[in-house]
Amino acid sequence: MSFVNPGFHGRRRDDSARIPPGQYGTDEFPVLSAGPTPNVRTESWRFTVTTEGGVVHEWSWADLMALPRETPTVDIHCVTKWSKLDTTWEGVSLDTLLEDVETAADYALVHSYGGYTTNLPLDDLLDGQAWITFGYDGEELAPEHGGPARLLVPHLYFWKSAKWVRGIELLLQDEPGFWETLGYHEYGDPWREQRYAGD
Ligand SMILES: Nc1nc2c(c(=O)[nH]1)N[C@H]1C(S)=C(S)[C@@H](COP(=O)(O)O)O[C@H]1N2
Ligand SMILES: [Mo]
C-alpha cells in the first residue's frame, strides 16, 4: 500500500524539468537594470514599429489599450541564473501589433526609453512568442520591472525582454543591442545555455 501523492511528486518532477541547464528556481522577482528607472508617463508614451524602408507605425497608450489582450503564464530565465516559473502577465501580442506591418526584414532591434537596446530575429517575436505587457501578477506592471510597458519574450534569456519599451526597428541585417555588444550571445536560448558570444 502506498501513501505517495502522485500529483505532488509529479509536479515536483515537472518543475525541475522546467529549469534550463545552469539555472535555479526562485520565487523572488529580482530587479536587473543597467541604469536608472526612466519616468515614462502613459500620456506621452508612444510605441513605434519602423520598417527597413522607414515606414513608421505608431501606437499611443490609448491605441494599445484598445487592442485585444492576452494573459500569458510563462517561465522566465535570467542569464544571472535565476528562473521564475508560472509568471502571469497581461499584454498585447506582437502578432496583433505587426499584423498590418509590411516588411521583408529578418531582424528586430528593440529600443527602450532610457536608451537600452536588444536584438533578436523577427520570427522570435511572432507566432504567440512575444507580447508588449503592461500587467504583471494581476497588477499594473511596476516601473522597476519596465512599467508602463515592456517586451516579454520568455523563450529567450530575460535580457531580451526590454523594459520601458519604446519601439522596434525592423532590419534586413542583424545589429547587436546593449548586452550583445558587451559580449552576450546574439540569440540567447536558455535551453542551449547561450549566455555569451560563442556559447
Ligand atoms: N530597458 C531595459 N530593459 C531591460 C534591462 C535593462 O537594463 N534596461 N535589463 C534586462 C535584463 S539583463 C533582465 S534579466 C531583465 C530584468 O527584468 P526585471 O528587472 O523585471 O527582473 O530585464 C531586461 N530588460
Ligand atoms: Mo539579465
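Described in the following lines is the structure provided in the data block. Only a predicted model underlies this, so the values are computations on that prediction, with no experimental measurement involved.

As for the overall build of the protein
If you tally the helices and strands in the protein, you get four helices and 11 strands. Its C-alpha atoms give the protein a radius of gyration of 18 Å, near enough to 16 Å, the size a compact globule of 199 residues would have. Projected onto its principal axes, the C-alpha coordinates of the protein cover approximately 70 × 40 × 35 Å. Here the protein holds 199 residues, and 45% of them are scored as buried. A separation threshold of at least 6 residues defines the contact pool for the protein, and within that pool the share at least 24 residues apart is 66%. Accessible surface for the protein amounts to roughly 10,400 Å². Of this, 49% is attributable to carbon and sulfur atoms.

Here we look at unusual backbone geometry
With omega at 15°, the peptide bond leading from G147 into P148 counts as cis. Locating P148 in the fold gives a position in the loop between β9 (139-140) and β10 (150-152). One non-glycine residue, K81, adopts positive backbone phi at about 95°. Locating K81 in the fold gives a position in the loop between β4 (73-77) and β5 (82-93). K81 sits in the partly exposed class, given a relative accessible area of 38%. Look at E193: it is not a glycine, yet its phi comes out positive at around 45°. Summarising the element assignment, E193 is placed in the segment after α4 (178-181). When its relative accessible area of 30% is taken as the criterion, E193 is described as partly exposed.

Regarding the site of ligand 1
Taken together, 20 residues are adjacent to ligand 1, and P30, A34, H145, R150 and K163 come closest. Interatomic distance of 2.6 Å between a backbone N/O atom of A34 and an oxygen atom of ligand 1. At 3.3 Å from a nitrogen atom of ligand 1 is found a side-chain nitrogen or oxygen belonging to S112. Protein chains shield 96% of the accessible area of ligand 1, which is 540 Å² for the free molecule. For the shell around ligand 1, a count of residues per class yields 13 nonpolar, four polar and three charged.

A look at the pairing of strand β8 (residues 131-136)
By the criterion of burial, β8 is predominantly enclosed, with six of the six residues buried. In this structure, β8 lies alongside β10, joined through three bridges in antiparallel fashion. Within β10, the position partnered with I132 by the bridge is L151. Looking at chain direction, β8 and β9 are connected through two bridges and run antiparallel. Within β9, the position partnered with Y136 by the bridge is E139.

So, how was this worked out
- Counting starts from 1 at the beginning of each chain's written sequence and moves along it residue by residue.
- Here chains are named by letter from A upward and ligands by number from 1 upward, in the order in which they appear as written.
- Where totals are concerned, whole chains, interfaces and linings use all residues; where local detail is concerned, this predicted model gives features only for residues with pLDDT of at least 70, and gives and counts side-chain atom pairs only at 80 or more.
- In computing side-chain properties, one takes all heavy atoms of the structure into account and sets aside hydrogens as well as water.
- Under the scheme used here, helices are H or I runs from DSSP no shorter than 4 residues and strands are E runs no shorter than 2 residues, and both carry numbers assigned from the N terminus.
- The quantity called the radius of gyration is restricted to C-alpha atoms. Its globule counterpart is 2.2 Å times the number of residues to the power 0.38.
- For every residue, the accessible area obtained with a 1.4 Å probe (protein chains only) is divided by the maximum for its type, and the residue is called buried under 20%, exposed over 50%, and partly exposed between those limits.
- Two residues qualify as a contact provided that any one of their heavy atoms is within 4.5 Å of a heavy atom in the partner residue.
- Using a 1.4 Å probe, the Shrake-Rupley method yields the accessible areas, and only the shown protein chains count as cover for residues.
- In this text, near means that some heavy atom of the residue lies within 4 Å of the molecule or strand in question.
- Here a polar contact is taken to be a pair of N or O atoms separated by no more than 3.5 Å, where protein atoms must pair a possible hydrogen donor with a possible acceptor and residues adjacent in sequence count only if both atoms sit in side chains.
- Polarity classes work like this: nonpolar for Ala, Val, Leu, Ile, Met, Phe, Trp, Tyr, Cys and Pro, charged for Asp, Glu, Lys and Arg, and polar for all others, with Gly in that last group.
- In short, DSSP must find at least two bridges between two strands for them to pair.

What is shown is where atoms sit, not what they do.
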